[in-house]
Amino acid sequence: MATAFQTGHVGLNVTDLDRSIDFYRQVFGFDLAGRTDGDGWSYARLGQGGQLVLTLWQQSEGRFATDRPGLHHLSFEAPGVAELEETLAKLRTLGAHVRHDGLAAHREGAESGGLFFEDPDGTRLELYVTEGLSAPAPHDEAPTCGFF
């Protein structure tokens, strides 16, 4: 019998732990499950409903590198379109870089899609719904999430 693996949590390098904690708590509503500070390093554990979702590690400089192998984008499913609209308003208030000028379908005519944006360090994020979205797609030939 094959083992079914599930995503546990995601760890991201950040340049300013406090700023990133604040961003992810405001945008996604994550709880701060804990923080540990060491000699020249710090990390925080963020979760939801008692489950660890994200660890943030302050141990890097610069911005997210889109031209190197590794993470393309990190995606979270939203409960509905209303939550996407609320989050878009928060992102604009925070001055976050939002792609495609707001809500975008995954492909033309699809009811799935969402928000495509960056965290304070440039990590590409997607918040999506699987149905109920009425928005244009910015690309005809490929999924929106492929073109940040």
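Below: a short report on this structure.

**Some words on the sheet that holds strand β4 (residues 51-58)**
The 4 strands lie next to each other as β1-β4-β3-β2, forming an open sheet whose pairing is mixed. For this open sheet the edge positions go to β1 (10-14) and β2 (31-37), each flanked by a neighbour on one side alone. Going from strand to strand, the sheet's axes swing by 20° on average, the running direction of each strand aside. Against the sheet, helix α1 (residues 17-28) touches β1, β2, β3 (42-48) and β4, its axis set at about 5° to β3.

**What to know about the pairing of strand β7 (residues 113-118)**
Along any regular strand the residues' side chains alternate between the sheet's two faces. Burial analysis of β7 places 6 of its 6 residues in the buried class, the great majority of the element. Here 2 bridges tie strand β6 (residues 104-105) to β7, and the two strands are oriented antiparallel to one another. Counterpart to A105 in the pairing with β7 is G113. Once β7 ends, the chain turns through 5 residues before running back antiparallel as strand β8 (residues 124-129), passing G122 with a positive phi of about 90°.

Scoring rules and cut-offs
- Residues numbered from 1 in each chain as written.
- Predicted model: local features only at pLDDT ≥ 70, side-chain atom pairs only at ≥ 80, totals over all residues.
- Heavy atoms only, no water.
- Pairing = 2+ DSSP bridges.
- Helix = DSSP H or I, 4+ residues; strand = E, 2+ residues; numbered from the N terminus.
- Axes fitted to C-alpha atoms, helices over the stretch in contact; angles between N-to-C directions.
- Contact = heavy atoms within 4.5 Å.
- Buried < 20%, exposed > 50% of the residue type's maximum accessible area, 1.4 Å probe, protein only.

Treat this as a map of the structure, not an account of what it does.
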